[in-house]
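Residue-level structural notes
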Amino acid sequence: MRIGMGYDVHKLVEKRKLVLGGVEIPYELGLLGHSDADVVVHAIMDALLGAAALGDIGKHFPDTDPQYKGISSIKLLEHVGNLLEENHYKIGNIDATIICQKPKLAMYREEMVKNVAGALDIHESQVCIKATTEEGLGFTGQGLGISSQAIALIEEV
């Protein structure tokens, strides 16, 4: 068994969509980034890539490459799933936490889990996505950005 940890953060800005876990969430601000800036999917990808010692998302999907401009992070996650399969790994489970003050995310978590599980061709019971605030502390608590942490367990096949 191998374990990987992932972390991502993006700044909240005007005139961008807010996409988390492949779900477009109605909110007046969105995350700034080269792709759709989906912090939870980015953290999950880094956790999976790290567990397999395959680098990170910057190595596989550089923000200098125009083919990734505005791309859905769920599409990138599918590619990471294929890389794991090619390297003879299967996913045990994924546990991710989104850290933001607003918006409230409870009603979107089930769809996020479905999107992540579907992209990786695993059962929804293997994915947990949670959300928490930071009680007004730090950049996430002040509503300046959103971060996410993820941990993944993989096994060699």
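1. Points about the nonpolar core
Within the largest apolar cluster, 50 residues are counted, with the highest numbers of intra-cluster contacts made by Leu20, Leu48 and Leu77. When residues of this core are traced back to their parent elements, those giving at least two are strand S2 (18–20), strand S3 (23–25), helix H1 (39–51), helix H3 (73–86), strand S5 (89–99), helix H4 (109–120), strand S6 (127–132) and strand S7 (145–156). Take this core: its biggest share by element is ten residues, from H1. The contact partners of Leu48, leaving out residues within four places of it in the chain, are Leu77, Val80, Leu84, Ile91, Ile94, Leu120, Ala152 and Ile154.

2. Things to note about a nonpolar patch on the surface
A surface patch of nonpolar side chains, amounting to about 460 Å² of accessible area, comprises Met5, Tyr7, Val9, Phe139 and Leu144. If one sorts the elements of the nonpolar patch by residue count, strand S1 (residues 2–13) sits on top with three residues. With respect to the helices, strands and loops of the structure, Met5 is situated in strand S1.

3. Side note on the pattern of salt bridges
The tally for this structure, following the rule as stated, stands at three salt bridges. Put simply, Lys130 and Asp95 hold a salt bridge, and the shortest N to O gap is 2.4 Å. Residue Lys130 is found in strand S6, and its partner Asp95 is found in strand S5; the two are separated by 35 residues along the sequence. Overall, Lys130 belongs to the partly exposed group, its relative accessible area being 29%. Looking at Asp95, the relative accessible area reads 29%, which means it is partly exposed. Here Lys114 ties to Glu110 by a salt bridge, and the two come within 3.7 Å at their closest N and O atoms. Placement of the pair is Lys114 and Glu110 together in helix H4, with a separation of four residues, close to one helical turn. Residue classification places Glu110 among the exposed positions, given a relative accessible area of 57%.

Conventions and cut-offs
- Residues numbered from 1 in each chain as written.
- Predicted model: local features only at pLDDT ≥ 70, side-chain atom pairs only at ≥ 80, totals over all residues.
- Heavy atoms only, no water.
- Core = buried A, V, L, I, M, F, W, Y, C linked by side-chain atoms within 4.5 Å.
- Buried < 20%, exposed > 50% of the residue type's maximum accessible area, 1.4 Å probe, protein only.
- Helix = DSSP H or I, 4+ residues; strand = E, 2+ residues; numbered from the N terminus.
- Contact = heavy atoms within 4.5 Å.
- Patch = residues over 30% accessible without salt bridge, like charges linked within 9 Å, V, L, I, M, F, W, Y side chains within 5 Å.
- Areas by Shrake-Rupley, 256 points an atom, 1.4 Å probe, with all protein chains shown as cover.
- Salt bridge = Lys/Arg side-chain N within 4 Å of Asp/Glu carboxyl O.

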